[in-house]
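Residue strings, one per chain:
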Amino acid sequence: MEKISKKFHLIKKIKLLQLAFLTISCLLFIYECIAKTDLLRKMMADTSAHLLFVALWIILLIMLVSNIMDFFFYRYYVLIEHRLKRFLYLDSLTGIPDRKSLDAMTENLRDPEKLAKLGCFLFTISNLQELNAKYGREGGDRALFGFSRLLEKAGDALGLVARNGSNEFACIIENCDEQTADRLLTKLRAVTAEARTAHDAVPIEVDYAYILNREAKIESYSSLIAKAHSNLFSKEGTAGRGQL
């Protein structure tokens, strides 16, 4: 799909050039007709020249309209492509991007310069087993879905939010520092506390761990994720680990 998208962007550029050429041609054609009235009168008097003039004008107009319509079709394609990507890459339960989608979306963040400033945040619902036991599988699914909405609400404006596993969620933030980390966690605490007051809320408990690569200086994206995952489920006290 990515290759198809690049081809359509190339076609768009070609169509823009064609549209510019046709627009200039039409304007020059009109200018010649207005500026050279004697030539226009002679063409009108000659039947063959008259027909040729009309035919050329019609062809130019058809090509101009055709190019304009191509742009409408292109916009429709872009809309369909966007919807297909969302459908293909969204987690079926939560509706947010899944792990494969996250891997694809972070490809451009793996060069050393961007990786050095990356922030990796992982979250898990620590009492999910208890919720499954008390409310059944449906209650556990409600907890996962509910937390995905909260994380999306808090983190979508800051970075990439995804479901990274069955009971693991991720937020990857480019150019992340302690202030950005505080903004995310403060917002997430606030929306989580608010959600707990709802009358039908499933009482979730959330653990988190995060790594700022400005400090950790980990040299690969996969190692960064692995380290954050290890910290999230560590039994020992670890910097950047806590509960909402």
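As a reminder, the structure under discussion sits directly above these lines.
Quick summary incoming for the structure in this document. Worth saying up front: this structure is predicted, and the values here are computed from it rather than measured.

Structural notes on the overall build of the protein
What the protein contains, in helices and strands, is nine helices and five strands. Going from the N terminus to the C terminus, the protein shows its helices and strands as α-α-α-α-α-β-α-β-β-α-β-α-α-β. Within the protein, the fraction of its 244 residues that count as buried is 36%. Contacts spanning at least 24 positions in sequence make up 74% of the contacts within the protein whose residues lie at least 6 apart. Total accessible area computed for the protein in this model is approximately 15300 Å², and 61% of it derives from carbon and sulfur atoms.

Structural notes on helix α7 (residues 178–196)
In a regular helix each residue adds 1.5 Å, so 19 residues correspond to 27 Å; α7 covers 27 Å between its end C-alpha atoms and thus fits that length. Buried within α7 we find Thr180, Ala181, Leu184, Leu185, Leu188, Val191 and Thr192. Buried positions in α7, seen along its axis, are confined to an arc of 135° and lie on one side of it. Exposed side of α7, more than 90 degrees from the buried face: Gln179, Arg183, Thr186 and Glu194 are the residues found there. Along its buried surface, α7 packs onto β1 (119–125), α6 (128–155), β3 (168–173) and β4 (206–212). Capping the start of α7, aspartate 177 holds a side-chain oxygen 3.3 Å from the backbone nitrogen of glutamine 179, two or three residues further along.

Brief notes about the side chain of asparagine 167
Inspection of the secondary structure assignment puts asparagine 167 in the loop between β2 (160–165) and β3. Setting aside residues up to four positions removed in sequence, asparagine 167 forms contacts with Phe123, Thr124, Ile125, Leu128 and Leu144.

Notes on the side chain of threonine 180
Within the secondary structure, threonine 180 is located in helix α7. For threonine 180, a relative accessible area of 14% gives the class buried. Of the polar contacts made by the side chain of threonine 180, one reaches the side chain of aspartate 177; its length is 2.8 Å. When sequence neighbours within four positions are dropped, the list of residues in contact with threonine 180 reads Leu158, Ile173 and Asn175.

Comments concerning the packing of α6 against α7
Orientation of α6 relative to α7, taken along the N-to-C sense of each, is 140°, at an axis distance of 9 Å. Classified by the interaxial angle, the pair formed by α6 and α7 is oblique. As α6 packs across α7, the resulting crossing turns out to be right-handed. Only Leu184, Lys187, Leu188, Val191, Thr192 and Ala195 of α7 make contact with α6, whose side of the interface consists of Phe147, Leu150, Leu151, Lys153, Ala154 and Gly155. Its residues assigned to classes, the contact of α6 with α7 shows eight nonpolar, two polar and two charged.

Describing the layout of surface pockets
In this structure, the second largest pocket occupies an estimated 240 Å³ of space. Sorting the residues of the lining of the second largest pocket by element identifies α6 and α7 as the ones contributing at least two each. The element best represented in the lining of the second largest pocket is α6, accounting for five residues.

Some points on the pairing of β2
Of all six residues in β2, five are buried; the element is thus mostly enclosed. Bridge count for β2 against β3 is five bridges, and the pairing is antiparallel. The partner of alanine 162 across the bridge, within β3, is alanine 170. Two successive antiparallel strands, β2 and β3, enclose a turn made up of two residues.

Section: the sheet that holds β4
Ordered by their spatial adjacency, five strands build an open sheet running β2-β3-β1-β4-β5, and the pairing between neighbours is antiparallel. If you trace the sheet from one side to the other, it starts and ends with β2 and β5 (241–243), each paired once. Averaged over all pairs of adjacent strands, the angle between their axes in this sheet comes to 25°, without regard to strand direction. Packed on one face of the sheet, α7 meets β1, β3, β4 and β5 and runs near 170° to β4.

What counts as what
- Residues numbered from 1 in each chain as written.
- Predicted model: local features only at pLDDT ≥ 70, side-chain atom pairs only at ≥ 80, totals over all residues.
- Heavy atoms only, no water.
- Helix = DSSP H or I, 4+ residues; strand = E, 2+ residues; numbered from the N terminus.
- Buried < 20%, exposed > 50% of the residue type's maximum accessible area, 1.4 Å probe, protein only.
- Contact = heavy atoms within 4.5 Å.
- Areas by Shrake-Rupley, 256 points an atom, 1.4 Å probe, with all protein chains shown as cover.
- Expected span 1.5 Å × (residues − 1).
- Arc of directions from axis to C-beta.
- Polar contact = N/O pair within 3.5 Å; in protein donor to acceptor, adjacent residues only side chain to side chain.
- Axes fitted to C-alpha atoms, helices over the stretch in contact; angles between N-to-C directions.
- Parallel < 35°, antiparallel > 145°, perpendicular 65-115°, else oblique.
- Left-handed = near helix turned anticlockwise from the far one by under 90°.
- Nonpolar A, V, L, I, M, F, W, Y, C, P; charged D, E, K, R; others polar.
- 1 Å grid on protein atoms, 1.4 Å probe; cavity = no way out; pocket = protein on both sides within 12 Å on 5 of 7 lines; lining within 4 Å.
- Points joined across faces, edges and corners; volume = space filled by probe spheres on them.
- Pairing = 2+ DSSP bridges.

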